Amino acid sequence: MTRAAVFGTGSWGTAYAAVLADGGTPVTMWGRRQAMVDQINAGSNEDYLPGIRLPEGIRATTDPVEAAADADIVVLAVPSQTLRANLAEWAHALPRRAAIVSLMKGVELGTTKRMSEVIAEAGGIEPGRIVVVSGPNLAKEIAQKQPAASVIACIDERIAEMVAEASNPPYFRPYTSGDVIGVELGGAVKNVIALAVGMAEGLGMGDNSKASIITRGLAETSRLGMKLGADPVTFSGLAGVGDLIATCMSPLSRNRTFGLNLGKGMTVDEVVAVTRQTAEGVKSCESILQLAHDHGVSVPIIEQVAAVVHDGRSPKEVVGALMLRALKNEAE
Ligand SMILES: NC(=O)C1=CN([C@@H]2O[C@H](COP(=O)(O)OP(=O)(O)OC[C@H]3O[C@@H](n4cnc5c(N)ncnc54)[C@H](O)[C@@H]3O)[C@@H](O)[C@H]2O)C=CC1
Ligand SMILES: O=C(CO)COP(=O)(O)O
């Protein structure tokens, strides 16, 4: 029988543990805090998924070796910017042949590495067993068992298939892919575009404005992805446009909500103070912008989001800057 470990007891780590357990795969979760581990062992995670009863088949521990022992699949679900430090502590505990699955949607600050690259480097894991999961998967809806689809990517598609088979309860339909770069980038960049859409909403803009940002945001994602070697087809799929729509439209999105508060006039520090969960786009806008600059790719929306979040420009100012850009062909 396939066994899994999930490192990280936040909203998506816990919801994905439920996906695995409901799919018939027993899960041991690793958590930092004993109180959280005790709660999960008693059947819920009230801090991140209040009111949700977790399935049988999930248990938790604070010991990484115990969590990963005998696991065929190890799922990593921590904030992107802490992953490298976490792996330094966990690498010795990870079974030599297990598939290492990233649920994270960010790009590392400083190195501009995608999470699969950080896993390979800091965890010493061969790329052929590094898997990424990304799609329109708001954790709360998945935990409520609302039907959704997703993409599970690995350069070795047999490993992606193994993880997909272990993650297939009746409400979760994973598609496999070999395009790790495209699937990861789609997930990371959509968070930055959701910040922009949230800002537009906060400024009182309507659906034309938001659809324009979403569509041009997808153009930026595809341009960058293709330059980095992604398959353009990925961006019209679940990990591209699918996740972009879910995140940019949903009040459940932490990134969209973060942008909304900025658009309403709160400062970045004020929004950080009221945000309890990980809004990856806030840090990744800077690393993704750096990645685009390094590869000579034009990403005007991402640039303006970074100007608000890191340079203190106002959302209103940056909308003006976007609208005044020189006219160009849509396909360029
Ligand atoms: N929540 C969602 O709907 C979805 C989230 N994701 C992605 O999954 C990743 C994880 O997100 P969530 O679970 O939602 O975040 P979260 O904010 O709900 O939970 C983060 C977890 O990481 C732990 N953590 C924080 N700092 C840590 C550190 N220094 N060392 C170890 N653990 C630490 C927290 O205690 C918590 O258990 C992110 O990259 C996010 O973009 C992807 C799809 C859906
Ligand atoms: O990635 C997500 C949905 O697919 C969750 O988005 P947020 O991190 O903005 O909540």
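Quantities reported herein were computed from a predicted structural model and do not represent experimental measurements.

A look at the overall build of the protein
Part 1 of the reasoning: Helix and strand counts for the protein stand at 15 helices and eight strands.
Part 2 of the reasoning: Since a compact globule built from 332 residues should have a radius of gyration of about 20 Å, the 19 Å found for the protein is in line with a globular shape.
Part 3 of the reasoning: Seen through its C-alpha atoms, the protein measures out along the principal axes to roughly 60 × 40 × 35 Å.
Part 4 of the reasoning: Residues counted as buried form 55% of the 332 residues belonging to the protein.
Part 5 of the reasoning: Total accessible area on the protein stands at roughly 14300 Å², and carbon and sulfur atoms take up 52% of it.
Part 6 of the reasoning: Taking the average place of the 30 positive charges on the side chains of the protein and the average place of its 36 negative ones, the gap between the two points comes to 2 Å.

Some points on the pairing of strand β1 (residues 4-7)
Part 1 of the reasoning: Here β1 shows two buried faces, one formed by Ala4 and Val6 and the other by Ala5 and Phe7.
Part 2 of the reasoning: Sheet topology places β1 next to strand β2 (residues 27-30); four bridges connect them, and they run parallel. Considered in β2, the bridge of Ala4 is made with Val27.
Part 3 of the reasoning: Chirality of the crossover, the property in question, places the unit of β1, helix α1 (residues 11-22) and β2 among those that are right-handed.

Quick word on the site of ligand 2
Part 1 of the reasoning: Contacts to ligand 2 come from Lys105, Gly135, Pro136, Asn137, Leu138, Lys190, Asp243, Thr247, Leu252, Ser253, Arg254 and Asn255.
Part 2 of the reasoning: A distance of 2.9 Å separates an oxygen atom of ligand 2 from a polar side-chain atom of Lys105.
Part 3 of the reasoning: Between ligand 2 and Arg254 there is a distance of 2.6 Å, counted from an oxygen atom to a side-chain nitrogen or oxygen.
Part 4 of the reasoning: Contributions of two or more residues to the shell around ligand 2 are made by α10 (238-249) and α11 (254-263).
Part 5 of the reasoning: Among the residues making up the shell around ligand 2, the classes are represented as three nonpolar, five polar and four charged.
Part 6 of the reasoning: A domain-level breakdown of the shell around ligand 2 finds at least three residues from each of domain 1 (4-178) and domain 2 (181-323).

What to know about the packing of helix α13 (residues 281-294) against helix α14 (residues 300-311)
Part 1 of the reasoning: With their axes 9 Å apart at the nearest point, α13 and α14 run at an angle of 135° to one another. When the axes of α13 and α14 are compared, the pair comes out oblique. For the element pair α13 and α14, the recorded crossing hand is left-handed. Here Val282, Cys285, Glu286, Ile288, Leu289 and His293 of α13 come into contact with α14, specifically with Ile302, Glu303, Val305, Ala306, Val309 and His310.
Part 2 of the reasoning: Grouping the constituent residues of the contact of α13 with α14 by class yields eight nonpolar, two polar and two charged.

Structural notes on the sheet that holds β1
Think of a sheet as strands paired side by side through backbone hydrogen bonds, with each pair either parallel or antiparallel.
Part 1 of the reasoning: Taken together, eight strands build an open sheet; the order of strands is β3-β2-β1-β4-β5-β6-β7-β8 and the sheet is mixed. Because the sheet does not close on itself, it has two edges, and the strands there are β3 (58-61) and β8 (172-177). Ignoring which end each strand starts from, the neighbouring axes of this sheet average 25° apart.
Part 2 of the reasoning: Along the sheet, α10 makes contact with β6 (130-134), β7 (148-153) and β8, crossing β7 at roughly 140°.

Points about unusual backbone geometry
Part 1 of the reasoning: Residue Asp70 is not a glycine yet carries a positive backbone phi of 65°.
Part 2 of the reasoning: Position of Asp70 among the secondary structure elements: in the loop between α3 (64-68) and β4 (73-76).
Part 3 of the reasoning: Residue Asp70 is classed as exposed on the basis of its relative accessible area, which comes to 64%.
Part 4 of the reasoning: Residues other than glycine seldom take positive phi values, yet Thr112 does so here, at roughly 55°.
Part 5 of the reasoning: Exposure remark for Thr112: the relative accessible area of 12% places this residue in the buried category.

Considerations on the site of ligand 1
Part 1 of the reasoning: Ser11, Asn86, Ala139, Thr278 and Glu280 are the nearest of the 22 residues found near ligand 1.
Part 2 of the reasoning: Within the backbone of Ser11, a nitrogen or oxygen atom sits 2.9 Å from an oxygen atom of ligand 1.
Part 3 of the reasoning: Between ligand 1 and Lys105, the relevant distance is 3.0 Å, taken from an oxygen atom to a main-chain nitrogen or oxygen of the residue.
Part 4 of the reasoning: The protein chains hide 87% of the 840 Å² of surface that ligand 1 would expose on its own.

Regarding the pattern of salt bridges
Part 1 of the reasoning: Tallied over the full model, the rule gives 16 salt bridges.
Part 2 of the reasoning: The partner of Asp207 in a salt bridge is Lys210, with the nearest N and O atoms 3.6 Å apart. You can see Asp207 and its partner Lys210 sitting in helix α9 (residues 207-227), three residues apart, about one turn around the helix.
Part 3 of the reasoning: Given the relative accessible area of 61%, Asp207 is considered exposed.
Part 4 of the reasoning: Salt bridges here are not isolated pairs; linked through shared partners, they connect Arg84, Glu108, Lys113 and Glu121.

Conventions used here
- Residues numbered from 1 in each chain as written.
- Chains lettered and ligands numbered in written order.
- Predicted model: local features only at pLDDT ≥ 70, side-chain atom pairs only at ≥ 80, totals over all residues.
- Heavy atoms only, no water.
- Helix = DSSP H or I, 4+ residues; strand = E, 2+ residues; numbered from the N terminus.
- Rg over C-alpha atoms; globule rule 2.2 N^0.38 Å.
- Buried < 20%, exposed > 50% of the residue type's maximum accessible area, 1.4 Å probe, protein only.
- Areas by Shrake-Rupley, 256 points an atom, 1.4 Å probe, with all protein chains shown as cover.
- Lys, Arg positive; Asp, Glu negative; His and termini not counted.
- Charge placed at Lys NZ, Arg CZ, Asp CG, Glu CD.
- Pairing = 2+ DSSP bridges.
- Right-handed = clockwise from strand over helix to strand, strands pointing away.
- Near = heavy atom within 4 Å.
- Polar contact = N/O pair within 3.5 Å; in protein donor to acceptor, adjacent residues only side chain to side chain.
- Nonpolar A, V, L, I, M, F, W, Y, C, P; charged D, E, K, R; others polar.
- Domains from an automatic or database assignment.
- Axes fitted to C-alpha atoms, helices over the stretch in contact; angles between N-to-C directions.
- Parallel < 35°, antiparallel > 145°, perpendicular 65-115°, else oblique.
- Left-handed = near helix turned anticlockwise from the far one by under 90°.
- Contact = heavy atoms within 4.5 Å.
- Salt bridge = Lys/Arg side-chain N within 4 Å of Asp/Glu carboxyl O.

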